[in-house]
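Summary of the model geometry
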Amino acid sequence: MSLTTDDVKRIAHLARIEVTEDDAQATLSKLSGILGLIEQMQAVDTTGIAPMSHSQDVSQRLRDDVVTETNQRELFQSIAPAVENGLYLVPKVIE
Amino acid sequence: MINASLKDLATALGAKQISSVELTQLFLDRIDRLNPEINAYVTLDADRSLAQAAAADALIAQGRFGPLTGIPFAQKDIFCAKGWRTTCGSKMLENFIAPYDAHIISQFDAAGAVNLGKTNMDEFAMGSSNETSYFGKVQNPWDRTRVPGGSSGGSAAAVAARLAPAATGTDTGGSIRQPASLCGLSGLKPTYGVCSRYGMIAFASSLDQAGPMAKSAEDLALMLNVMAGFDSRDSTSLQREKEDYTRDLNKPLAGLRIGLPREYFAEGLNAGVAKVVMDAIDQYRKLGAETVDISLPNTQLSIPVYYVLAPAEASSNLSRYDGVRYGHRAAEYTDLLDMYSKSRAEGFGAEVKRRILIGTYVLSAGYYDAYYLKAQQLRRLIAQDFTEAFKQCDVIMGPAAPGTAFKTGEKTDDPVAMYLEDLYTIAVNLAGLPGMSVPAGFADGLPVGLQIIGNYFSEARMLNVGHQYQQVTDWHTRMPEGI
Amino acid sequence: MQWEVVIGLETHTQLQTKTKIFSGASTAFGAEPNTQADAVSIALPGVLPVLNREAVQCAIRFGLAIDAEIGRHSVFARKNYFYPDLPKGYQISQFELPVVGKGKITIQVPATGSGQAYEKTINITRAHLEEDAGKSLHGDFHGATGIDLNRAGTPLLEIVTEPDMRSAAEAVAYAKKLHELVQWIGICDGNMQEGSFRCDVNVSVRPKGSDKLGTRREIKNLNSFKFMQQAIEYETRWQIETLEDGGTIQQATVLFNPDTGETRSMRSKEEANDYRYFPDPDLLPLVILEADIEAVRATLPELPEAMKARFEAAYGLPAYDATAITASRGIADYFVTAVNAGAEAKPTANWVMGSVAAKLNEEGKDIDASPVSPLQLAGLLKRIADNTISGKMAKEVFEAMWAGEGDADAIIEQRGLKQVSDSGAIEAIVDEVLAANAAMVEEYKAGKEKAFNGLVGQCMKASKGKANPAQVNEVLKKKLAG
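This one's a predicted model, so the numbers in the text were calculated from it and none came from an experiment. Throughout this document, residue positions are counted from 1 along each chain, in the order its sequence is written. Labels follow written order: the first chain is A, the first ligand is 1, and so on. Local features are withheld for residues below a pLDDT of 70 in this predicted model, meaning they are given only at 70 or higher, and side-chain atom pairs are given and counted only at 80 or more; totals for whole chains, interfaces and linings count all residues. Excluding hydrogens and water, the side-chain figures rest on all heavy atoms present in the structure.

1. Points about the overall build of chain A
Each helix is a run of H or I in the DSSP string that is no shorter than four residues. Each strand is a run of E no shorter than two, and both are numbered from the N terminus. Scanning chain A from terminus to terminus reveals 3 helices and 3 strands. N-terminal to C-terminal, the α/β element order of chain A is α-α-β-α-β-β. Exposed residues in this analysis have more than 50% of their type's maximum accessible area, buried residues have under 20%, and partly exposed residues fall in between, with area computed by a 1.4 Å probe over protein chains only. Of all 95 residues assigned to chain A, the portion counted as buried reaches 42%. All accessible-area figures derive from a Shrake-Rupley calculation using a 1.4 Å probe, and residue coverage is judged against the displayed protein chains alone. Of the roughly 5000 Å² of accessible surface on chain A, a fraction of 48% belongs to carbon and sulfur atoms. Averaging the positions of the 8 positive and the 15 negative side-chain charges in chain A gives two centres separated by 4 Å. His is not counted, nor are the chain ends, whereas Lys and Arg count as positive and Asp and Glu as negative. For charged residues, the charge sits on one atom: NZ in Lys, CZ in Arg, CG in Asp, CD in Glu.

2. Quick look at helix 12 (residues 423–436) of chain C
Residues and elements named next belong to chain C. Helices are assigned an expected span. That span is 1.5 Å times one less than the residue count. The terminal C-alpha atoms of helix 12 lie 20 Å apart, and with 14 residues this matches the ideal 20 Å at 1.5 Å per residue to within 8%. Listed in full, the buried residues belonging to helix 12 are I426, I429, V430, V433 and L434. In an axial view of helix 12, the angular spread of the buried residues amounts to 130 degrees, which keeps them on one side of the axis. With respect to the buried face of helix 12, the exposed residues turned more than 90 degrees away are E432, A435 and A436. The arc under discussion is defined with respect to the helix axis, by the directions toward the C-beta atoms.

3. Examining the interface of chain B and chain A
In what follows, residue pairs with any heavy atoms lying within 4.5 Å of each other are defined as contacts. With 70 residues of chain B in contact, the opposing surface of chain A contributes 47 residues. Buried area: the accessible surface (1.4 Å probe) lost by two parts on joining, summed over both. Together, L357(B), Y361(B) and R380(B) form the three largest contributors to the area buried by chain B at its contact with chain A, with a combined 13%. Across the pair E18(A) and K342(B) runs a salt bridge, and its minimum N-O distance is 3.3 Å. Definition of a polar contact: a pair of N or O atoms within 3.5 Å, with one able to donate and the other able to accept a hydrogen when the atoms are protein atoms, and with sequence-neighbouring residues admitted only if both atoms are side-chain atoms. On the surface where chain B and chain A come into contact, there are 17 residue pairs in polar contact (both at pLDDT 80 or more). Of all elements in the fold, only helix 9 (302–317), helix 10 (336–347), helix 11 (350–363), helix 12 (369–389), helix 13 (415–419) and helix 14 (426–431) of chain B reach the threshold of two or more residues within the side of chain B that touches chain A. Here the side of chain B that touches chain A takes 12 residues from helix 12 of chain B, the largest share from any one element. Ten residue types, Ala, Val, Leu, Ile, Met, Phe, Trp, Tyr, Cys and Pro, are classed as nonpolar, four, Asp, Glu, Lys and Arg, as charged, and the remainder, Gly among them, as polar. Its residues assigned to classes, the side of chain B that touches chain A shows 39 nonpolar, 16 polar and 15 charged. Criterion for a salt bridge: a side-chain nitrogen of Lys or Arg within 4 Å of a carboxyl oxygen of Asp or Glu.

4. Some words on the sheet that holds strand 6 (residues 103–109) of chain C
Residues and elements named next belong to chain C. One open sheet holds the 8 strands; their spatial order is 6-7-10-1-11-12-13-14, and the pairing between them is mixed. Each of the sheet's edge strands pairs with one partner strand only, and the pair in question is strand 6 and strand 14 (262–265). Taken pair by pair, the neighbouring strands of this sheet meet at an average axis angle of 30 degrees, ignoring direction. We treat two strands as partners when DSSP finds at least two bridges between them. Pairing analysis gives 11 bridges linking strand 1 (residues 3–14) to strand 11 (residues 197–207), with the strands arranged antiparallel. Bridged to T13 within strand 11 is F197. A fitted line through C-alpha atoms represents every axis, and for helices the fit uses only the stretch in contact; the resulting angles, taken between N-to-C directions, go from 0 to 180 degrees.

5. Things to note about unusual backbone geometry
Negative phi is the rule for most residues except glycine; trans is the rule for most peptide bonds. All names here are of chain B. Residue S151 is bonded to the preceding G150 through a cis peptide linkage, with omega at 10 degrees. Among the secondary structure elements, S151 is positioned in the loop between strand 3 (114–119) and helix 5 (153–160). The residue F457 is not glycine, and still its phi comes out positive at about 65 degrees. Given the relative accessible area of 23%, F457 is considered partly exposed.

6. Quick notes on the state of the cysteines
Only a pair of cysteine sulfur atoms within 2.5 Å qualifies as a disulfide here. Within this structure, the stated rule accounts for 0 disulfides over all chains. In this structure C183(B) is a free cysteine whose sulfur lies 19 Å from that of C88(B), the closest cysteine sulfur available.

7. Overview of the packing of aromatic side chains
Side-chain rings of Phe, Tyr and Trp (the six-membered ring for Trp) are treated as a pair once their centres are within 6.5 Å; stacked means planes under 30 degrees apart, edge-to-face means over 60, and tilted covers the remaining angles. In the structure shown here, the tally under the stated rule is 31 aromatic pairs over all chains. Here the aromatic residues F96(B), F124(B), Y321(B), Y326(B) and F348(B) are joined through ring pairs into a cluster of three or more. Criterion for a charge above a ring: Arg CZ or Lys NZ at most 6 Å from the ring centre, at most 35 degrees from the ring normal. When the ring centre of Y90(C) is taken as origin, the NZ or CZ atom of K88(C), which lies over that ring, is 5.4 Å away. Over the ring of W238(C) we find R217(C), and its NZ or CZ is 3.9 Å from the ring centre.

This is the structure:
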């Protein structure tokens, strides 16, 4: 499981975090260290063991279909970087 | 007053020996004086705090008050508090004014408590030293050249330096227990699901829990009474009968079975810390407890498992920070992709970025089975270790951290070295169990914490175990010099 | 080379709940931008999802309606990708364990110039719950796009078929059937203009006789059956031409342009997305008990197939009529109400399929908006049945009822439209007509059958249309013979 800087750039793109050429190398060595740590898991045989997501054996609670939220657009958009006519603005999206 | 327990403060407030406004001002003045160096607080708003205090005083005057009314608390800056800047230790949220209250914050408000200010923390709760915060590192009040631990380093330092009577923290892999240990405090992470996560900025959803940090087990119990409880806005919040966590504080400990995992006393543990912990356990024997040697065989695995699961969940939880609806947006960008990439590269610090990349990687096509799925399977084994152990004992004890407070900068170059700080605490989060740390002595002049791990929903018993120890020892009353 | 097209559909149906799938924000259509975007909808730091009970009921209803396995233990998963209308940077969906498993929908493919109508069973692979994204508005925002998150979080049921369809006609027949079904069981309002029902069509081609699937392209977001037909036909031709020219088909997502009638590959989605699915740790497994399913089954209305069969048996309706009357819940309810009020089944079916349908079509109305209620129609039909008015006269009365002039009886009374059935009166009219039309009588007696109709016509005219035509016929025949 050895990573390359290309891997780093690909993962960075998936995560939408800009990683410059210089960063990529430094990031690579730090990541490789962490991945080495993670490899320890492979030593254990886990065949037949059910994955555990939650410690308590509880199931999803359901919410009544009743409107509880009011319009708070003004408050929520007061902290937005760019809004116009109640819409959040982002660089043009080309389909 | 600055050393008083929550119980004593409540009594003093009730007897009108001091008003909430005076008490709050007292702490604000200390913060003014000491915080510029210690850097425990990131955001203060004296006017707001005092206004809350005044309201509390009005309630007290009418005779309408509970155990926390009028008492100021430091709030870890991971809890959204309406109208307060809430940064989570990150540049990404440097100017984020939360438009709503976390459930925890609402609970404190309802109890009539005062919000003293928002405390510093490792960025997005990722760290064990409070050195990843965008707002600068925090000094350990016991030794200003050392770290307070993390991620709740600001809360720990605030209480240790008596800049607050108590504080809230959060614990995902040890972030309450480890700083509590390094700063000579009591800290508790409850069973997963006991405290609501609504409004608590998410790091690793299946591991995060809020909890109290204070000067004594009794104080923790009083705080937990306010913090715990069902919240319908959190699907993982558990519906259980309301508990009074102070109810068993005074139960005698005779017959208590304490499990001592051999894996917690193996190599990697600082000798000075080991001695303090063993002495504490001796003290428990004197109180009538008996010890049982147990094994938690998968302890070592808990680190790789945690460093797969937590970054994986975090990588997804932090995707919402994209500069579109709130938070940091880059000043210059060429298109949408560039805006995302630059905003996130600028807004997140190095450790956060590393963990997002690891998390993205372990979830990516072709790796899910080998990493994420495998980790979830190992998680079950780790949880089963504890289930087995609790057949032989009532509580498990050991160190909360492998060493005492280390020097600032000592471990920042090697992420893995930092991750090993969490060796004794992480498995508890993976299993969803409650864990606590209480001051047990000093090694090389630095605080050492004793970790107490209980079975699911045994917080009242654990607090009893901590409280009884604190009746016959005075480690928890010690204060750093020059404070 | 003979080619075969292989088609599968993924349909996103917006569920008719009052609130979003994971929060209590309203889902009402048409609100001002971002006024129904609560903290959870805009993914503020610290917010969490809680599942809407009604969305789950809708999913169970659908599963029962298509005879599918209902997942007793289903899991919500995060589908991770970045897009401005996806505030969390992930969509909460279901991946490995969906709430509804395998089921079936039977479709009627209409007759075409080249073939007869036929029935086909389409296999449903699964249906799962997920949340809708917001909307991107590419208006004039000086080079920017505007994002409205009102729609973000609206519950969707994504319904996926096996690649069972072999023509655009089959695909459209399936889409229409599904469209009617989800409205029939009350889980979706079916409003395609508002985006309540959106189809993505997967199209691939292969040499006839091959059992390997070709590379497919996905035509996204078709919201009209007409466009679906055109898009599939174009895409099929395009793929075949490409392959016949020696090219290969690349997996792609394409959009249909209704103006040009062509499909075009979407630029931004050309890279394969790695969605990094994993179970959402903020949600617990959805456990559905037998009792939950039975409770929903009890509220499920009689399904179209069962109702059609029942109508054929109980009312003796021919299959064609039964199908038309069960085309929608509204029509079926209308029919039943009229019949229960005393109208006979076949005439009711005729009128509903005929005059009522024609006027509704003309005015672009749904049967719920019919100015003539089923009780009123029943009233009219009873007057035909008891000979108060003729069938022809009834049409005039119906027009008047549609225009709001009142019930059948009132109009008949007001306009004096009662059919004349009194034998004496009829005899008098016939005598008058015979006397006044001697030439026509002569023609008839000379063997011209048509003259008879002319005489009937004269009688009807003389009686201002009110004479009972059957009786006129009878009396006229008698008098002419004798």
